[in-house]
Amino acid sequence: MLKAGEMGGHGPVLNYNNARNFFYGNNPHTPLYRTWWFGSHVAGDEDVPAAYTALITAIDARPIHERDSVFTALAWEHISGRPDLFLLRSLNRARCFFAYDTFTGSFLYKWYPLPRAVGLAAIALDALLYAGIMVFALLFFAMKGRGTNAGAFTVIALSIPLLYALPYVVSFSHPTYHFPVLPFLAMFAVAALERTGYSVRAIREAVVSLPPWRKRAFWIAVLLFVVVQIEWTVMMIRRV
């Protein structure tokens, strides 16, 4: 990157998309829930506001190395002017990040000559497997301290997906982006299954025998997870 900057006279720290994505998720036209919308809808597309089209067209007319500062400045201007909307969008982005993925299923019937039922079945399978990973990962933390090793490795393995998710909470978010964190969460899920011997009866007993406050925290976490999935379904049902 240093060599490229030296040869070209300028260069981004990582790439030219971070500032653009930050702007996509934080401008006056960004939807409150579907913060990813401008990542998949460009100027001139149907339903794209004319004011946004004019703005993004003017920015893209600049040399590429000048756009980062413009995108960043406009995003911060909007955030400082409406911190309430930034907070609301960020809460929505955090929940959206942990919703079940619909990309694979929708791709199957929108881009390939497959029946819609096949795509919906793929979405349902995705959601089922994802829910299993998340619920058993939550059970792992609920069982923490009951013979489950939860030392430095656990802290590191949990910190990685949380740090990975952080940029999406402040820019724009979509369930598609949580895929890289699933292997980390799956480790916790498998650890919980191993702890219970992969037995349905043992899993039930493990939940029932949790200390009251851990059991309460576990069920609250599961309920919140379910609410996030329902919210995502309601928001996206008309697009199916």
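Structural data are supplied above this passage.
Keep in mind that this is a model prediction, so the values were computed, not measured. (Residues numbered from 1 in each chain as written. Predicted model: local features only at pLDDT ≥ 70, side-chain atom pairs only at ≥ 80, totals over all residues. Heavy atoms only, no water.)

A word on the overall build of the protein chain
Then comes step 1: Check the secondary structure of the protein chain and you find twelve helices and zero strands.
Then comes step 2: Counted from the first residue to the last, the protein chain has its helices and strands arranged as α-α-α-α-α-α-α-α-α-α-α-α.
Then comes step 3: Projected onto its principal axes, the C-alpha positions of the protein chain cover 65 × 45 × 35 Å.
Then comes step 4: Buried positions account for 35% of the 240 residues belonging to the protein chain.
Then comes step 5: Summarising the internal contacts of the protein chain: among those between residues at least 6 apart in sequence, 69% fall at separations of at least 24.
Then comes step 6: Distance between charge centres in the protein chain, computed from 21 positive and 14 negative side chains, equals 12 Å. (Helix = DSSP H or I, 4+ residues; strand = E, 2+ residues; numbered from the N terminus. Buried < 20%, exposed > 50% of the residue type's maximum accessible area, 1.4 Å probe, protein only. Contact = heavy atoms within 4.5 Å. Lys, Arg positive; Asp, Glu negative; His and termini not counted. Charge placed at Lys NZ, Arg CZ, Asp CG, Glu CD.)

A short note on the packing of aromatic side chains
Then comes step 1: Applying the stated rule across the entire model yields 23 aromatic pairs.
Then comes step 2: For the pair Y33 and W36, a centre-to-centre distance of 6.5 Å together with 75 degrees between the ring planes defines the contact as edge-to-face. Like W36, Y33 is buried.
Then comes step 3: Between F141 and F188, the ring centres sit 4.9 Å apart and the planes meet at 50 degrees, which makes this aromatic pair tilted. Placement of the pair is F141 in helix α8 (residues 116-142) and F188 in helix α10 (residues 182-195), with a sequence separation of 47 residues.
Then comes step 4: For F141, a relative accessible area of 26% translates into the label partly exposed.
Then comes step 5: The rings of Y24, F97, F98, Y164, Y168, F172 and Y177 are connected pair by pair, giving a single aromatic cluster. (Phe/Tyr/Trp six-rings, centres within 6.5 Å; stacked < 30°, edge-to-face > 60°.)

Topic: α8
Then comes step 1: Here α8 is 27 residues long and its end C-alpha atoms lie 39 Å apart, about the 39 Å a rise of 1.5 Å per residue gives.
Then comes step 2: Every buried residue of α8 is accounted for by G119, A122, I123, Y130, M134, A137, L139, F140 and A142.
Then comes step 3: For α8, the elements touching its buried residues are α7 (103-111), α9 (152-170), α10, α11 (200-208) and α12 (212-236). (Expected span 1.5 Å × (residues − 1).)

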